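Okay, here's what each chain looks like letter by letter:
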Amino acid sequence: WITIISVYYTERALTRRLWLGLEHEDAEILRESYGTIYSTSFSLFQAITGGCDWIELAELLPSAPDTLLFTAYIAFSLLVLMNIITGVVISNIMQFASADEIA
């Protein structure tokens, strides 16, 4: 999931850097955040884990649809992550509770 989004945003950032001109001040910020698939993946990971403010990353994107997709990525990732963590915790609690009833 994160790899697919990373490839898309790396390509979009490169397009914006070329459109702005490689010497523009935002071009350097784009290169740092979205310059390679690795840096894009890391930026996306930071955005969903609180490592950096996701709105700052979203504002670098070239168009409203890109920002909307980014927001959907954040929302989906956080909901999935929270549901998985909650499911694991509840499952463990249920196992401990049933083990106590048996003993």
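First, a word on what this report is: a plain description of the structure on this page. (Residues numbered from 1 in each chain as written. Predicted model: local features only at pLDDT ≥ 70, side-chain atom pairs only at ≥ 80, totals over all residues. Heavy atoms only, no water.)

Another aspect to go through is the nonpolar core. It is characteristic of soluble globular proteins that their nonpolar side chains tend to be buried jointly. Y9, Y34, F70, Y73 and I74 are the most contacted members of the largest nonpolar core, which has 15 residues in total. Setting aside residues up to four positions removed in sequence, I74 forms contacts with A47, I48 and W54. (Core = buried A, V, L, I, M, F, W, Y, C linked by side-chain atoms within 4.5 Å. Buried < 20%, exposed > 50% of the residue type's maximum accessible area, 1.4 Å probe, protein only. Contact = heavy atoms within 4.5 Å.)

We now examine the packing of aromatic side chains. By convention here, two paired aromatic rings are described through the distance between centres and the angle between planes. Within the structure shown, the criterion is met by 6 aromatic pairs. Between Y8 and Y9 the ring centres are 5.2 Å apart and the planes differ by 65 degrees, which places this aromatic pair in the edge-to-face class. According to the relative accessible area criterion, Y8 is partly exposed, its value standing at 32%. For the pair Y9 and Y34, a centre-to-centre distance of 6.2 Å together with 45 degrees between the ring planes defines the contact as tilted. Taken together, the positions of Y9 in helix α1 (residues 2–20) and Y34 in helix α2 (residues 25–34) put the pair 25 residues apart, joining distant regions of the chain. According to the relative accessible area criterion, Y9 is buried, its value standing at 0%. (Phe/Tyr/Trp six-rings, centres within 6.5 Å; stacked < 30°, edge-to-face > 60°. Helix = DSSP H or I, 4+ residues; strand = E, 2+ residues; numbered from the N terminus.)

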